[in-house]
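The residues making up each chain are set out below.
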Amino acid sequence: MLNIPQHVSGITHPLISDMYLKKDFGRGPHHEDVLVIETRRTPANDSGVGRFEDYLAALLPDLEDLKEQAERKVGHIDRIDIKTH
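Remember, predicted model here, so these are calculated numbers, not experimental data.

Colleague: Could you clarify how one ought to interpret the overall build of the protein in this entry?
Modeller: Counting its secondary structure elements, the protein contains three helices and four strands. When the elements of the protein are put in sequence order from the N terminus, they spell out β-β-β-α-α-α-β. Each of the 85 residues in the protein was classed as buried or not, and the buried ones make up 26%. For the protein, the proportion of contacts with a sequence separation of at least 24, taken over those separated by at least 6, is 52%.

Shown next as structure tokens:
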């Protein structure tokens, strides 16, 4: 079975470069629907000066709203993974 991620379009956020839904089959007969959020590169990320914790703290207050928007487009989401560059 192919597990092709489904791009989530039409949702924008200044700290996010891309969002997609993937299925995580893990170890069992069931799967989880995972919303993957890819963060934007920032000068702090590139220079190593900024801390990921600060970046994440700026994104977390909007996470529930982003999840709700994505669920309206792609359906139920079991978990969110945040992927940095």
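Colleague: Help me out: how do you make sense of a negative patch on the surface in this one?
Modeller: Side chains of Asp62, Glu64, Asp65 and Glu68 sit close together on the surface and give a patch of like negative charge. With respect to the helices and strands, the residue Asp65 is situated in helix α3 (residues 63-74).

Colleague: How should I be thinking about the nonpolar core in this particular structure?
Modeller: Generally speaking, soluble globular proteins have nonpolar side chains that are buried together. In terms of nonpolar packing, the biggest core is built from 14 residues, with Val8, Ile11, Ile16, Met19, Leu35, Ile37 and Ala70 touching the most fellow members. Mapped by element, the contributors of at least two residues to this core are β2 (16-24), β3 (32-39), α2 (52-59) and α3. Every residue in contact with Val8, bar those within four places of it in the chain, is listed here: Met19, Tyr20, Leu21, Leu35, Ala70, Lys73 and Val74.

Colleague: What is the right way to read the pattern of salt bridges from this model?
Modeller: A side chain of one charge can pair with a side chain of the opposite charge when the charged atoms of the two come close. Summed over all chains, the structure comprises five salt bridges. When the shortest N-O distance is used, the salt bridge between Glu38 and Lys83 registers 3.7 Å. Here Glu38, found in strand β3, pairs with Lys83, found in strand β4 (residues 79-83); they are 45 residues apart in sequence, far enough to count as distant. With relative accessibility at 13%, the residue Glu38 sits in the buried group. Among the salt bridges present, the one from Arg79 reaches Asp81, with a minimum N-O distance of 3.0 Å. Salt bridges sharing common partners tie together Asp24, Glu32, Arg79 and Asp81.

What counts as what
Residues numbered from 1 in each chain as written. Predicted model: local features only at pLDDT ≥ 70, side-chain atom pairs only at ≥ 80, totals over all residues. Heavy atoms only, no water. Helix = DSSP H or I, 4+ residues; strand = E, 2+ residues; numbered from the N terminus. Buried < 20%, exposed > 50% of the residue type's maximum accessible area, 1.4 Å probe, protein only. Contact = heavy atoms within 4.5 Å. Patch = residues over 30% accessible without salt bridge, like charges linked within 9 Å, V, L, I, M, F, W, Y side chains within 5 Å. Areas by Shrake-Rupley, 256 points an atom, 1.4 Å probe, with all protein chains shown as cover. Salt bridge = Lys/Arg side-chain N within 4 Å of Asp/Glu carboxyl O. Lys, Arg positive; Asp, Glu negative; His and termini not counted. Charge placed at Lys NZ, Arg CZ, Asp CG, Glu CD. Core = buried A, V, L, I, M, F, W, Y, C linked by side-chain atoms within 4.5 Å.

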